[in-house]
Amino acid sequence: MKKNGFSKDAGREAERPPYQLSEHPLPLPAALEGRRRRKDVAAGFLLGLTGLSAAGALLVSSCTLCYAVTTDGGQVAYIQGAETYQQAVERVEEQVSAILQTDYAYQDAQVHLTIAPKETIQDPGQLADSLMDTVEQVQAAYVLMVDGTLVGACLEEGEVQGALQQVKDHYSGPSTAAVYFGNAVEVVLDYLPSGTPILTGEELTQQLLGQEEVQAVFAPEGGQAEPVPKLAVYTEELETYTAQIPPEEERIDDPSLLVGERVQRREGVPGKEQRTDRVIYRCGEETQRENLSTIPVLAPVSTQIAVGTGQGVEGAQGRFLWPCMGSVTSGFGSRDIFGSTSFHRGADIAAAQGSTIVASADGTVTWAGEKGTYGNLVKIDHGNGYVTYYAHCSQLLVQAGDQVVQGQTIAQVGATGRATGPHCHFEVLWQEEPIDPLQCLP
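All chains use their own residue numbering, which begins from 1 and follows the written sequence. Residue-level local features of this predicted model are given only where pLDDT is at least 70; pairs of side-chain atoms are given and counted only at 80 or more, and the full residue set underlies all totals for whole chains, interfaces and linings. Here the side-chain values reflect all heavy atoms present in the structure, with hydrogen atoms and water set aside.

1. A few points about the overall build of the chain
Rules: Strands are runs of DSSP state E lasting at least two residues, helices are runs of H or I lasting at least four, and both sets are numbered from the N terminus onward. What makes two residues a contact is simply this: any of their non-hydrogen atoms within 4.5 Å. In these tables, accessible area is a Shrake-Rupley quantity obtained with a 1.4 Å probe, and a residue counts as shielded only by the protein chains included in the view.
Along the backbone of the chain there are seven helices and 29 strands. When contacts within the chain are restricted to residue pairs at least 6 apart in sequence, those whose partners lie at least 24 apart make up 72%. Carbon together with sulfur atoms contributes 48% to the accessible area of the chain, which is approximately 23300 Å² in total.

2. Description of the packing of aromatic side chains
The geometry of an aromatic ring pair is captured by the separation of the ring centres together with the interplanar angle, meaning the angle of the planes. Here is the rule: Only Phe, Tyr and Trp rings take part, Trp by its six-membered ring, and two of them pair if their centres are within 6.5 Å. Stacked means planes under 30 degrees apart, edge-to-face means over 60, and tilted covers everything else. We call a charge positioned over a ring when the NZ of a Lys or the CZ of an Arg lies within 6 Å of the ring centre and within 35 degrees of the ring normal.
Per the stated rule, a full pass over the model turns up six aromatic pairs. Both rings, one in Phe332 and one in Phe343, keep their centres 5.2 Å apart while their planes meet at 80°; by these two values the pair is edge-to-face. Of this pair, Phe332 sits in the loop between strand S17 (327-330) and strand S18 (333-337) while Phe343 sits in strand S19 (residues 340-344), and the two are 11 residues apart along the sequence. With 5.6 Å between their ring centres and 70° between their planes, Tyr374 and Tyr389 make a pair best called edge-to-face. With Tyr374 in the loop between strand S22 (363-370) and strand S23 (376-383) and Tyr389 in strand S24 (residues 386-393), the pair connects residues that are 15 residues apart, well separated along the chain. Among the aromatic residues, ring-to-ring pairing joins Phe320, Tyr386 and Trp430 into one connected group. The ring of Trp367 is capped by Lys371, whose NZ or CZ atom sits 4.8 Å from the centre of that ring.

3. Overview of the pattern of salt bridges
The condition is simple: For this document, the term salt bridge refers to a Lys or Arg side-chain nitrogen within 4 Å of an Asp or Glu carboxyl oxygen. Think of it in three bands: with a 1.4 Å probe and only protein chains considered, a residue is buried below 20% of the maximum accessible area for its type, exposed above 50%, and partly exposed in between.
Evaluation of the coordinates by the stated rule reveals 12 salt bridges. The salt bridge partner of Arg266 is Glu250, with a shortest N-O separation of 3.3 Å. Residue Arg266 is found in strand S13 (residues 262-266), and its partner Glu250 is found in strand S12 (residues 249-258); the two are separated by 16 residues along the sequence. Residue classification places Arg266 among the partly exposed positions, given a relative accessible area of 34%. The salt bridge partner of Asp277 is Arg289, with a shortest N-O separation of 3.0 Å. A residue pair is termed long-range when its members are at least 10 positions apart, and Asp277 in strand S14 (residues 271-282) and Arg289 in strand S15 (residues 285-298) qualify at 12 residues. Take Arg289: its relative accessible area is 37%, and that puts it in the partly exposed class. A network of salt bridges, in which partner residues are shared, links Glu239, Asp277, Glu286 and Arg289.

4. Quick notes on the environment of Gln412
Relative to the helices and strands, Gln412 resides in strand S27 (residues 409-412). What makes Gln412 partly exposed here is its relative accessible area of 25%. It is 5.4 Å that separates the C-alpha atoms of Gln412 and Ile357, two residues lying 55 residues apart in sequence. When sequence neighbours within four positions are dropped, the list of residues in contact with Gln412 reads Gly354, Ser355, Ile357, Cys393, Ser394 and Gln395.

5. Quick look at the pairing of strand S16 (residues 303-310)
Operational definition: DSSP-based pairing: two strands are paired if at least 2 bridges between them are found.
For S16, the tally of buried residues reaches seven of eight residues, placing the bulk of the element in the interior. Examined bridge by bridge, S12 and S16 share seven bridges and lie parallel to one another. Bridge pairing in S16 links Glu249 to Thr303. Looking at chain direction, S13 and S16 are connected through four bridges and run antiparallel. Bridging across to S16, Arg262 finds its partner in Val307.

6. Here's the deal with helix H4 (residues 124-132)
With respect to burial, H4 is a largely interior element, eight of its nine residues being buried. All of the buried residues along H4 are Pro124, Gly125, Leu127, Ala128, Asp129, Ser130, Leu131 and Met132.

7. Some remarks on the confidence of the model for the chain
Basically, it comes down to this: By definition, pLDDT measures how confident the predictor is in each residue, and it falls between 0 and 100.
Taken over all residues, the pLDDT of the chain has a mean of 85, while the share at 70 or more is 82%. In this model residues 1-58 is a low-confidence stretch, pLDDT under 50, and it forms 112 contacts with partners more than four residues away in sequence or in other chains.

8. Section: the sheet that holds S12
Under the convention used in this document: As a rule, the C-alpha atoms of each element are fitted with a line to give its axis, helices using only the stretch in contact, and angles between N-to-C directions run from 0 to 180 degrees.
Read from one edge of the open sheet, three strands run S12-S16-S13, paired in mixed fashion. Sheet topology places S12 and S13 at the edges, where each strand pairs with a single neighbour. Pairwise comparison of adjacent strand axes, ignoring direction, gives a mean angle of 35° for this sheet.

9. Looking at the sheet that holds strand S10 (residues 185-193)
The three strands lie next to each other as S8-S7-S10, forming an open sheet whose pairing is antiparallel. The outermost strands of the open sheet, each flanked by one partner alone, are strand S8 (149-154) and S10. For this sheet, the mean angle separating the axes of adjacent strands, direction not counted, is 40°. Pairing analysis gives five bridges linking strand S7 (residues 138-146) to S8, with the strands arranged antiparallel. What sits directly across from Val143, in S8, is Ala153. On the sheet, helix H3 (residues 82-100) packs against S7 and S10 and is oriented at approximately 95° with respect to S10.

Written out as structure tokens, the structure is:
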């Protein structure tokens, strides 16, 4: 793995020790001297090479004349010349300055002319990576990046990978078909400012699961820490279970019921089926469900509903009672009365003065009072377009707005209005048109 483009271990170990040709190291250029001091180091490289030209003739084919880069901590690397060193130091200074968010000058290394195996020679990138390990202000760690934000760091890559796997295992079960992260997740070997908290694998696991307070992401001096993104764990589950099949509704036309009326004739019984679903969870919360297969186990029994089709005379049959006891003296239709022919809108039922008049069906009283030739009149709205009239009453026992039930006393027989004797003029209207009341009565 690489740290910002530099390989940490490249060229670290030589297969055999070098041959030391110089006991006088060239000092590392001081930070305040800048590029002028680096040019002096380059001149020293060239001078050393001139003085050791005779020794170069003695090199065996597997070795080469080169320079050893050392620090107080020991030998760091072998390089070919000054340009390699200068380029590597510039990279180190640029990288550390970016990490610390402040200017940094590298001044910890020394250079010695020596002989070393050819395969141990490092290029500028490799040397820069080797020098980074000598910078006390930074520390190498395996960093977990989530959506481009540093979430945590451990000393070993295995600790980070193990924490990620434990998070997946936390949300997985026997029926889990797949588990994956919804974020951009990356583990990189990188350098952090010294003092940045380094977590154990268990601490990182708890942090990712949200069971402990999330540590703040490193913020440069004077800056603010970025918020730590939530690690979204998606699992795909295959769930097999038995589900109920709701009964369908079976409608049957019933002329004994009025249009708009519904009566349940048979209660339905749910069926059963075996279902297999593909379910997606986000951190344990269901977000999507897709049915993959359905196997019927028990067929449902439908709910049977009678739907009214009755209207007009047909719908009225069996729904209305006689309003009073007596004989019909005049039926529905044309008739001769008072010396002229007219259309009789109802039926006249002769009865004794003061006899009881009852509501022919349930309904709401919409009129109770005197009304022209009807005399004292009661009108009842029964719904579904049906209205009944009770005329020529001697006394009214209800008033407009009253709710009445079938058979309830509403008035008494009389001869008010245009009448030849005591009787109840009874009308049945449907959709505001009169129909023969005798065909509506039992």
